[in-house]
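Chain and residue survey
If you want the building blocks of each chain, they are given just below.
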Amino acid sequence: MIQQVSDFELELMKTIWENGGTALYAEITSKLDKKGISATKNTIISLLSRLIGKGYLKTNKIGRRNKYTALVSAEEYKVVQTTAFINKIYEGNVQGLVSTLIQKNMISTEEYEKLKRYWNERKLKDL
């Protein structure tokens, strides 16, 4: 089971995923700066170490630098977190989630139509 991560840990993971799944510390901080996210070196190193401990990352030494590699893909993370959310909030009822999205105008008619087309195309592939 994939463990929960803090918001900042997730930002670190997103940065590494956006970099092709691997990144040096300098690449991580550069991308965080471009996003307007700042933190001390100790905070970033500490959170990267925590992500290693949680099984999200591994690290390899390249000279004196650490190269961080994601062990969990962005897609795997999304699936686990989405499943946990649906189970926690909607007791596993996906229809409840979709109903909420539609009733509260959180999904546009255009997005809904795209999802229907996607669903129908998937059903055809499964035949």
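Above this text is the structure in question.
First, a word on scope: everything that follows refers to the structure included in this document.

Analysis parameters
Residues numbered from 1 in each chain as written. Predicted model: local features only at pLDDT ≥ 70, side-chain atom pairs only at ≥ 80, totals over all residues. Heavy atoms only, no water. Salt bridge = Lys/Arg side-chain N within 4 Å of Asp/Glu carboxyl O. Helix = DSSP H or I, 4+ residues; strand = E, 2+ residues; numbered from the N terminus. Buried < 20%, exposed > 50% of the residue type's maximum accessible area, 1.4 Å probe, protein only. Pairing = 2+ DSSP bridges. Axes fitted to C-alpha atoms, helices over the stretch in contact; angles between N-to-C directions. Contact = heavy atoms within 4.5 Å. 1 Å grid on protein atoms, 1.4 Å probe; cavity = no way out; pocket = protein on both sides within 12 Å on 5 of 7 lines; lining within 4 Å. Points joined across faces, edges and corners; volume = space filled by probe spheres on them. Nonpolar A, V, L, I, M, F, W, Y, C, P; charged D, E, K, R; others polar.

Following the criterion strictly, the structure yields 7 salt bridges and no others. When the shortest N-O distance is used, the salt bridge between K114 and E110 registers 4.0 Å. With K114 and E110 both in helix α6 (residues 109–126) and 4 residues apart, the pair spans about one turn of that helix. Here K116 ties to E113 by a salt bridge, and the two come within 3.5 Å at their closest N and O atoms. Linking K116 with E113, this pair stays in helix α6, spanning 3 residues, or about one helical turn. The exposure class of K116 is partly exposed, given its relative accessible area of 36%. The exposure class assigned to E113 is partly exposed, which follows from its relative accessible area of 31%. Via salt bridges that share partners, E11, K14, E18 and K35 belong to a single interconnected network.

This part covers the pairing of strand β2 (residues 57–62). Note: β2 against strand β3 (residues 65–70), 6 bridges, orientation antiparallel. Pairing of T59 across the sheet is with Y68, part of β3. Taken together, β2 and the strand that follows it, β3, pair antiparallel across an intervening segment of 2 residues, in which G63 is found at a positive phi of about 65 degrees.

What follows concerns the sheet that holds β2. The sheet built from 3 strands is open, its strands ordered β1-β3-β2 with antiparallel pairing. Of all strands in the sheet, those with a lone pairing partner are β1 (22–24) and β2, marking the two edges. Strand-to-strand twist in this sheet, taken as the mean axis angle between neighbours without regard to direction, amounts to 25 degrees. In the packing of helix α3 (residues 41–53) onto the sheet, contacts are made with β2 and β3, and the angle to β2 comes to roughly 120 degrees.

Within this model, the largest pocket holds a volume of roughly 340 Å³. Every residue lining the largest pocket is listed: V94, L97, V98, L101, I107, Y112, L115, K116 and W119. Elements with a minimum of two residues in the lining of the largest pocket: α5 (94–103) and α6. When the residues that make up the lining of the largest pocket are grouped by side-chain class, the tally is 8 nonpolar, no polar and 1 charged.

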